[in-house]
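Here's the letter readout for the chains.
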Amino acid sequence: MERPLDALNALKGKEVNVLLKDGTKLTGKLEAFDIHTNVVLSEATAGSDKIGQIFVRGDMVTYIN
Amino acid sequence: MERPLDALNALKGKEVNVLLKDGTKLTGKLEAFDIHTNVVLSEATAGSDKIGQIFVRGDMVTYIN
Amino acid sequence: MERPLDALNALKGKEVNVLLKDGTKLTGKLEAFDIHTNVVLSEATAGSDKIGQIFVRGDMVTYIN
Amino acid sequence: MERPLDALNALKGKEVNVLLKDGTKLTGKLEAFDIHTNVVLSEATAGSDKIGQIFVRGDMVTYIN
Amino acid sequence: MERPLDALNALKGKEVNVLLKDGTKLTGKLEAFDIHTNVVLSEATAGSDKIGQIFVRGDMVTYIN
Amino acid sequence: MERPLDALNALKGKEVNVLLKDGTKLTGKLEAFDIHTNVVLSEATAGSDKIGQIFVRGDMVTYIN
Amino acid sequence: MERPLDALNALKGKEVNVLLKDGTKLTGKLEAFDIHTNVVLSEATAGSDKIGQIFVRGDMVTYIN
């Protein structure tokens, strides 16, 4: 792997967990991301809450796995 | 979907929820956005408060869905 | 509307509310703004305090409506 | 007025109040400013404290009036 | 050593500890990093939690050792 | 005075007070500064603590006087 | 001394103290730094903890002396 964003590219279309800086944990399918780590998840959930598609601002991301 | 902002483009003219970093939840019609995630909503509400048109500074956005 | 700043342009010379990140709510006539959302209000008030003209640094703005 | 910094330009050499993000209120004569809102005040006071000339880093400024 | 990132380059493929700004301590194999200190760890753990591969946003990193 | 940094230039080689964002007050001779307000003081003290030469990262500076 | 980073250059290979924004005090030999004040220390300690080589992200640095 050359660059960290290569790891995100390999996750496109797959289910990921995204931890936000406010402590929220989102789970969903990684539809898109960019160099700011703006991300779009589809079929997202936060615990038992069903959210559907969601755009997360990159500066709120702690990690993605 | 190529880029995260494509998801916002698909939401133009539709009702969205915007969570701000101070915990405020806004609901309204997405009129405009830019690469900083500055957004303008029309007919916006925050809970039971009617706000009308509102410009939100991009760095206050946590997510949009 | 193409861009979020178009909404601010339409508000020039009109009375607006500006919520700051420290919770202060300012009301006044929008005299000027720029892409950083630096804003100048005239005849501004904060609750019952009369402030007159005020320059607000853009990064302190939460929203304008 | 075209741009917010025009308002600061009109205040050069006059007494201004500067609210800092840590809540400090400074009063003094506006000697200089730049696009980052770095400011220099002369004959500055903070409440009853006499400070004299002071350089304030722009990112600490909430507003100037 | 010329530049700080040279130290990270020497750690590629080795086990590292990453302290995040929220206090989380991650341990894992350093797979990739970039100039923002975005990092990817594989076989990562946080205390007794097994995480596997993880992408950490650079601005959350306090230090790497 | 044209620009705020002119005020710092006039202070080179003189004793200054630097207030940091964490509340620390440093006193010392201003040896160097740059546009980020990175500063180097010599013979610096923090209250009764003798520090000697110190490099302060610019984003930690509240004001210099 | 012309620029603040000249002071860091003079410290290369010498023992320095680095105060982080979370209050951690590191001591070690300054191996490398860059314009972001990313730093690498070798033989680093934090109080009585022995850390060895450590990469510190520049935005976490308060001061170096």
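Report follows, based on the coordinates. Computed from a predicted model, the values in this text were never measured in an experiment.

### A look at the overall build of chain A
Stage number 1. When helices and strands are counted, chain A shows one helix and five strands.
Stage number 2. Its C-alpha atoms give chain A a radius of gyration of 11 Å, near enough to 11 Å, the size a compact globule of 65 residues would have.
Stage number 3. The C-alpha extent of chain A, read off along each of the three principal axes, is 35 × 25 × 15 Å.
Stage number 4. Per-residue burial over chain A gives 51% buried out of 65 residues.
Stage number 5. Of all intrachain contacts in chain A linking residues separated by at least 6 positions in sequence, the fraction that spans at least 24 positions is 28%.
Stage number 6. Of the accessible surface of chain A, which amounts to about 3000 Å², a share of 45% is contributed by carbon and sulfur atoms.
Stage number 7. When the 8 basic and 9 acidic side-chain charges of chain A are each reduced to a single mean position, those positions are 1 Å apart.

### Comments concerning the side chain of Ser42(F)
Residues and elements named next belong to chain F.
Stage number 1. The topology assignment puts Ser42 in strand E3 (residues 39-46).
Stage number 2. A polar contact of 2.6 Å, which involves the side chain of Ser42, links it to the side chain of Glu31.
Stage number 3. Residues in contact with Ser42, not counting those within four places in the same chain, are Gly28, Lys29, Glu31, Gly52 and Gln53.

### Considerations on the relation of the copies chain A and chain E
Stage number 1. Mapping chain A onto chain E calls for a rotation angle of 51 degrees and an axial translation of 0.0 Å; the resulting RMSD is 0.0 Å.
Stage number 2. Here only 6% of the contact residues of chain A are again contact residues in chain E; the copies associate through non-equivalent surfaces.

### Things to note about the nonpolar core
The nonpolar side chains of soluble globular proteins are, as a tendency, buried together.
Stage number 1. Of all hydrophobic cores here, the largest spans 24 residues; its most connected members are Val18(F), Leu26(F), Leu41(F), Ile54(F), Val56(F) and Ile64(F).
Stage number 2. Counting residues per element, this core draws most heavily on helix H1 (residues 4-11) of chain F, which supplies four residues.
Stage number 3. Residues in contact with Ile64(F), not counting those within four places in the same chain, are Ile54(D), Phe55(D), Leu8(F), Val16(F), Asn17(F), Val18(F) and Val39(F).

### Some details on the pairing of strand E5 (residues 61-64) of chain G
Stage number 1. In the sheet, strand E4 (residues 49-56) of chain F pairs with E5(G) via two bridges, with the strands oriented antiparallel. When the sheet's bridge partners are listed, Val56(F) is paired in E5(G) with Tyr63(G).
Stage number 2. Of the pairings in the sheet, the one linking strand E1 (residues 15-20) of chain G to E5(G) comprises three bridges and is antiparallel in character. Within E5(G), the residue paired with Leu19(G) across the bridge is Tyr63(G).

### Describing helix H1 (residues 4-11) of chain C
Stage number 1. The complete set of buried residues in H1(C) reads Pro4(C), Leu5(C), Ala7(C), Leu8(C) and Leu11(C). Taken around the axis of H1(C), the buried residues stretch over an arc of 145 degrees, which confines them to a single face.
Stage number 2. Buried residues in H1(C) make contact with strand E2 (25-33), strand E3 (39-46) and strand E4 (49-56) of chain B together with strand E1 (15-20), strand E2 (25-33) and strand E5 (61-64) of chain C.
Stage number 3. Just downstream of H1(C), Gly13(C) is the residue with a positive phi angle, here 85 degrees.

### Things to note about the relation of the copies chain B and chain A
Stage number 1. With an RMSD of 0.0 Å, chain B superimposes on chain A once it is rotated by 51 degrees and translated 0.0 Å along the axis.
Stage number 2. Comparing contact sets, just 6% of the residues at the interface of chain B also lie at the interface in chain A, consistent with a heterologous contact between different surfaces.

### Points about the interface of chain B and chain A
Stage number 1. Tallying the contact residues gives 18 residues for chain B and 18 residues for chain A.
Stage number 2. Roughly 1400 Å² of surface becomes buried between chain B and chain A when both sides are summed, with 62% attributable to carbon and sulfur atoms.
Stage number 3. At the boundary of chain B and chain A, one finds one salt bridge.
Stage number 4. Residue Lys21(B) is joined to Asp59(A) by a salt bridge in which the shortest nitrogen-to-oxygen separation is 2.5 Å.
Stage number 5. Every element with two or more residues in the side of chain B that touches chain A is listed here: helix H1 (4-11) and strand E5 (61-64) of chain B.
Stage number 6. Split by residue class, the side of chain B that touches chain A holds nine nonpolar, five polar and four charged.

### Description of the side chain of Arg57(D)
Stage number 1. Among the secondary structure elements, Arg57(D) is positioned in the loop between strand E4 (49-56) and strand E5 (61-64).
Stage number 2. Its relative accessible area of 15% is what places Arg57(D) among the buried residues.
Stage number 3. A distance of 3.1 Å separates polar atoms of two side chains, one belonging to Arg57(D) and the other to Asp59(D).
Stage number 4. Residues within four places of Arg57(D) in sequence aside, it is in contact with Asn38(D), Lys21(F), His36(F), Thr37(F), Gly58(F), Asp59(F), Val61(F) and Thr62(F).

### Remarks on the pattern of salt bridges
Stage number 1. In total, this model carries 28 salt bridges over all chains according to the counting rule given.
Stage number 2. The partner of Lys29(G) in a salt bridge is Glu31(G), with the nearest N and O atoms 4.0 Å apart.
Stage number 3. Accessibility expressed as a relative area gives 33% for Lys29(G), which makes it partly exposed.
Stage number 4. Bridged by salt links that share partners, the residues Lys21(A), Arg57(E) and Asp59(E) form one connected network.

### Some thoughts on the environment of Lys25(G)
Residues and elements named next belong to chain G.
Stage number 1. Along the polypeptide, Lys25 turns up in strand E2 (residues 25-33).
Stage number 2. Overall, Lys25 belongs to the exposed group, its relative accessible area being 57%.
Stage number 3. Residues in contact with Lys25, not counting those within four places in the same chain, are Val18, Leu19, Thr45, Ala46 and Gly47.

### Some details on the interface of chain A and chain E
Stage number 1. Counting from both sides, the interface comprises 18 residues of chain A and, opposite them, 18 residues of chain E.
Stage number 2. Approximately 1400 Å² of surface area, both sides summed, lies buried where chain A meets chain E, with 61% of it carried by carbon and sulfur atoms.
Stage number 3. Counting the contacts that link chain A with chain E gives one salt bridge.
Stage number 4. Connecting chain A to chain E are seven residue pairs in polar contact (both at pLDDT 80 or more).
Stage number 5. Elements that contribute at least two residues to the side of chain A that touches chain E include exactly helix H1 (4-11) and strand E5 (61-64) of chain A.
Stage number 6. Among the residues forming the side of chain A that touches chain E, the class breakdown is nine nonpolar, five polar and four charged.

What counts, and where the lines are drawn
Chains are numbered independently. Their residues run from 1 in the order of the written sequence. Throughout, the order in which chains and ligands are written sets their labels, letters from A for the former and numbers from 1 for the latter. Where local features are concerned, this predicted model is filtered to residues with pLDDT of at least 70; where side-chain atom pairs are given and counted, the filter is 80 or more; whole-chain, interface and lining totals use all residues. Only hydrogens and water are set aside; all other atoms, that is, all heavy atoms of the structure, feed into the side-chain values. Strands are runs of DSSP state E lasting at least two residues, helices are runs of H or I lasting at least four, and both sets are numbered from the N terminus onward. The globule rule used for comparison is 2.2 Å times the number of residues to the exponent 0.38, while the radius of gyration itself is calculated over C-alpha atoms. Accessibility here uses a 1.4 Å probe with only protein chains present; expressed as a share of the type maximum, an area under 20% marks a residue as buried, one over 50% as exposed, and anything in between as partly exposed. When checking whether two residues touch, look at their non-hydrogen atoms; a contact exists if any pair is within 4.5 Å. For accessible areas, the Shrake-Rupley method is used with a probe of radius 1.4 Å. Any residue's cover is judged against the shown protein chains and nothing else. Only four residue types enter the charge count, namely Lys and Arg as positive and Asp and Glu as negative; His and the chain termini do not. Taken as the charge location is NZ of Lys, CZ of Arg, CG of Asp or CD of Glu. N or O atoms closer than or at 3.5 Å make up a polar contact, with two conditions inside protein: a donor-capable atom paired with an acceptor-capable one, and, for residues adjacent in sequence, both atoms drawn from side chains. Superposing the copies works by least squares over the C-alpha atoms of residues that have pLDDT at least 70 in both of them. Remark: nonpolar core denotes a set of buried residues (Ala, Val, Leu, Ile, Met, Phe, Trp, Tyr, Cys) joined through side-chain atoms within 4.5 Å. At least two bridges found by DSSP between two strands is the condition for calling them paired. When we speak of the arc, we mean the arc of directions from the helix axis to the C-beta atoms. Two parts placed together each lose some accessible area under a 1.4 Å probe, and adding up what both lose gives the buried area. For salt bridges, the criterion is a side-chain nitrogen of Lys or Arg within 4 Å of an Asp or Glu carboxyl oxygen. Residue classes follow a fixed rule: Ala, Val, Leu, Ile, Met, Phe, Trp, Tyr, Cys and Pro count as nonpolar, while Asp, Glu, Lys and Arg count as charged, and any other residue, Gly among them, counts as polar.

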